[in-house]
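Residue-level listing of the chains:
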Amino acid sequence: MLWNCKVLGREMNETFFLIRFLKGLHYPPEDGHKLLPGSLVGKSVHCGRIHQGFRRAVGTRMGLLEEFWHHKYWLPPGATWEDMKESADIHYPKPQDLLLCIPGALILIIVRYIFERTIALPLGRRLGVSNKPRRKAQPNATLEDFYNLIGRTPKEEDLISLAKQNDLPVKKVETWFRHRRAQDRPRLMKKFCEASWRFIFYFTSFFSGLALLYDKPWFWDHTVCWVSFPQQPLLPALGWFYLLELSFYCSLVATLPFDVKRKDFKEQIIHHIATITLIFVSYCANLIRFGMIVMLVHDASDYILELAKMLHYMKWKRVCEAVFVVFAVVFISSRLVIFPIITYYYFLTKFQMFLLSCLINAFLMILQLLHIFWSYLILQMVFGVVLHGAKRKDARSDTEESDRSEAEDLAKSKE
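Residues numbered from 1 in each chain as written. Predicted model: local features only at pLDDT ≥ 70, side-chain atom pairs only at ≥ 80, totals over all residues. Heavy atoms only, no water.

Points about the overall build of the chain
Point 1. If you tally the helices and strands in the chain, you get 15 helices and zero strands.
Point 2. For the chain, with 415 residues in total, the buried portion stands at 43%.
Point 3. Taking as baseline every contact in the chain between residues at least 6 positions apart, the subset at least 24 positions apart corresponds to 78%.
Point 4. Accessible area of the chain: about 23,600 Å², with a carbon and sulfur share of 64%. (Helix = DSSP H or I, 4+ residues; strand = E, 2+ residues; numbered from the N terminus. Buried < 20%, exposed > 50% of the residue type's maximum accessible area, 1.4 Å probe, protein only. Contact = heavy atoms within 4.5 Å. Areas by Shrake-Rupley, 256 points an atom, 1.4 Å probe, with all protein chains shown as cover.)

As for the pattern of salt bridges
Point 1. Throughout the structure, instances matching the rule amount to ten salt bridges.
Point 2. A salt bridge links Glu-194 to Arg-112; the shortest N-O distance between them is 3.9 Å. Pair noted here: Glu-194 is in helix H8 (residues 188-213) and Arg-112 is in helix H4 (residues 101-126), with a separation of 82 residues, a long-range link.
Point 3. Arg-198 is paired through a salt bridge with Glu-194; the nearest N and O atoms lie 3.6 Å apart. Residue Arg-198 and its partner Glu-194 are located together in helix H8, separated by four residues, close to a single helical turn. (Salt bridge = Lys/Arg side-chain N within 4 Å of Asp/Glu carboxyl O.)

Focus: the environment of Asn-361
Point 1. Here Asn-361 shows up in helix H14 (residues 355-387).
Point 2. Remark: the alpha-carbon pair of Asn-361 and Leu-348, spanning 13 residues in sequence, is separated by 8.2 Å.
Point 3. Those residues within four positions of Asn-361 in sequence are excluded, and the remaining contacts are Tyr-344, Phe-347 and Leu-348.

Regarding unusual backbone geometry
Point 1. Even without glycine at this site, Asn-286 takes up a positive phi of about 65°.
Point 2. As for its placement among the helices and strands, Asn-286 is situated in the loop between helix H11 (265-284) and helix H12 (288-313).

What to know about the side chain of Ser-205
Point 1. Note on placement: Ser-205 falls in helix H8.
Point 2. Overall, Ser-205 belongs to the buried group, its relative accessible area being 2%.
Point 3. When neighbours within four sequence positions are excluded, Ser-205 is seen to be in contact with Phe-241, Glu-245 and Asp-299.

Description of the nonpolar core
Point 1. Within the largest apolar cluster, 84 residues are counted, with the highest numbers of intra-cluster contacts made by Phe-248, Met-292, Phe-347, Ile-360 and Leu-364.
Point 2. When contributions to this core are tallied by element, the ones reaching two or more residues are H4, H8, helix H9 (217-220), helix H10 (236-255), H11, H12, helix H13 (317-350) and H14.
Point 3. Here Met-292 is in contact with Leu-213, Leu-238, Phe-241 and Tyr-242, once residues within four sequence places are set aside.
Point 4. Counting residues in each nonpolar core, the second largest holds ten residues, with Tyr-147, Leu-159, Ala-163 and Trp-176 among its members. (Core = buried A, V, L, I, M, F, W, Y, C linked by side-chain atoms within 4.5 Å.)

Side note on the packing of H10 against H11
Point 1. One can describe the packing of H10 onto H11 by two numbers: an axis separation of 10 Å at closest approach and a directional angle of 155°. With respect to H11, the element H10 is oriented roughly antiparallel. Crossing of H10 over H11 shows left-handed handedness. On H11, the residues that touch Gly-239, Tyr-242, Glu-245, Leu-246, Tyr-249, Cys-250, Leu-252 and Val-253 of H10 are His-271, His-272, Thr-275, Ile-276, Ile-279, Ser-282 and Tyr-283.
Point 2. For the contact of H10 with H11, the residue count by class is nine nonpolar, five polar and one charged. (Axes fitted to C-alpha atoms, helices over the stretch in contact; angles between N-to-C directions. Parallel < 35°, antiparallel > 145°, perpendicular 65-115°, else oblique. Left-handed = near helix turned anticlockwise from the far one by under 90°. Nonpolar A, V, L, I, M, F, W, Y, C, P; charged D, E, K, R; others polar.)

Observations concerning the packing of H12 against H13
Point 1. Closest axis-to-axis distance for the H12/H13 pair is 9 Å, and the angle between their directions is 170°. One finds that H12 runs roughly antiparallel with respect to H13. Every pair of crossing elements has a handedness; the one defined by H12 and H13 is left-handed.

Re the packing of aromatic side chains
By convention here, two paired aromatic rings are described through the distance between centres and the angle between planes.
Point 1. Scanning the model with the defined rule gives 16 aromatic pairs in all.
Point 2. Between Phe-115 and Trp-197, the aromatic rings sit 5.9 Å apart at their centres with planes inclined by 55°, giving tilted as the arrangement. Separated by 82 residues along the polypeptide, Phe-115 in helix H4 and Trp-197 in helix H8 bring together distant segments of the chain. A single burial state applies to Phe-115 and to Trp-197, both of which are buried.
Point 3. Between Phe-206 and Phe-207, the aromatic rings sit 4.9 Å apart at their centres with planes inclined by 80°, giving edge-to-face as the arrangement. (Phe/Tyr/Trp six-rings, centres within 6.5 Å; stacked < 30°, edge-to-face > 60°.)

Below is the structure:
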């Protein structure tokens, strides 16, 4: 009985040591423990070896974390984390603040679900948005297996082979696959609800960001962004704005498999990853001023695009065309003129280069390449559809098997 009490006491002390160690506290080794007889000695030695290995693993991990957060990577030469000591009235960004983006993204997903069901859906019906009737493909196990396992769009030789297997004309097999693809395409009401949610968020985000930055001198003169850096206290409103933007883009990544898929799906994933990375590293390095300006420039055109989509789904052709032209002008001027020539230029010329700034520069270049890609598509639509009425397929239409892209709809309505 006495031995059991000693073993229990020793295990409790060892557990207490691990807890203290993980908390970063120094807990000295205990004195006065007597050796336990018999097999208990071997168990104690084995347990001690396990604890030593665990302590080494924890120490290695802590060393890696310390190296990761070393100021030489995150701050310009000559600056350290000690330069950003907080006080009662002065606060600086903390990386752990961004963990709130996880519950924030979940909240936004829930809010989006409620908004689409209770507001966007009734609004769409009231404005005349309705789903077109679609012919369902006749049940066929062989064709269904090919569709799910091999491909949605069979080649010519596959169509002939499937036609022989099912004793059907090739034309009927081709029609079956067309109807089957139509069943999987997103409905018009789903597109309208998704565009409505994004319009509300982008509209709120842009104008609230504009209200926050309007009276800031560094918003009008970008050279002021770098004055006294990194000793630039964090304004609470800007911190919450950052968290809201990060939560939104995390929610977009989480809902990508369920949202309307477009042909630039891969580009959208690259854009979201680059945006989340830039928000994270700029917050940790206290590049809040520069980050706010970049986000505001990017939000300037997004809500206009979502509004144009909504008008298109409502069949308001003329208004949709006018809004889309406005979107094209704002997008190209903000992303191909203001962002590279003003915002990005000051970052390259006025900000001291170090490791983190090189990483930010690389992701900004990725965004700029995406801007050029999307600007090319937009100009194609403007000149090919709106101005000349030519039938061109929207490169951002819903999936490759879209029955008709948004641009084609616009073109057809002009004939």
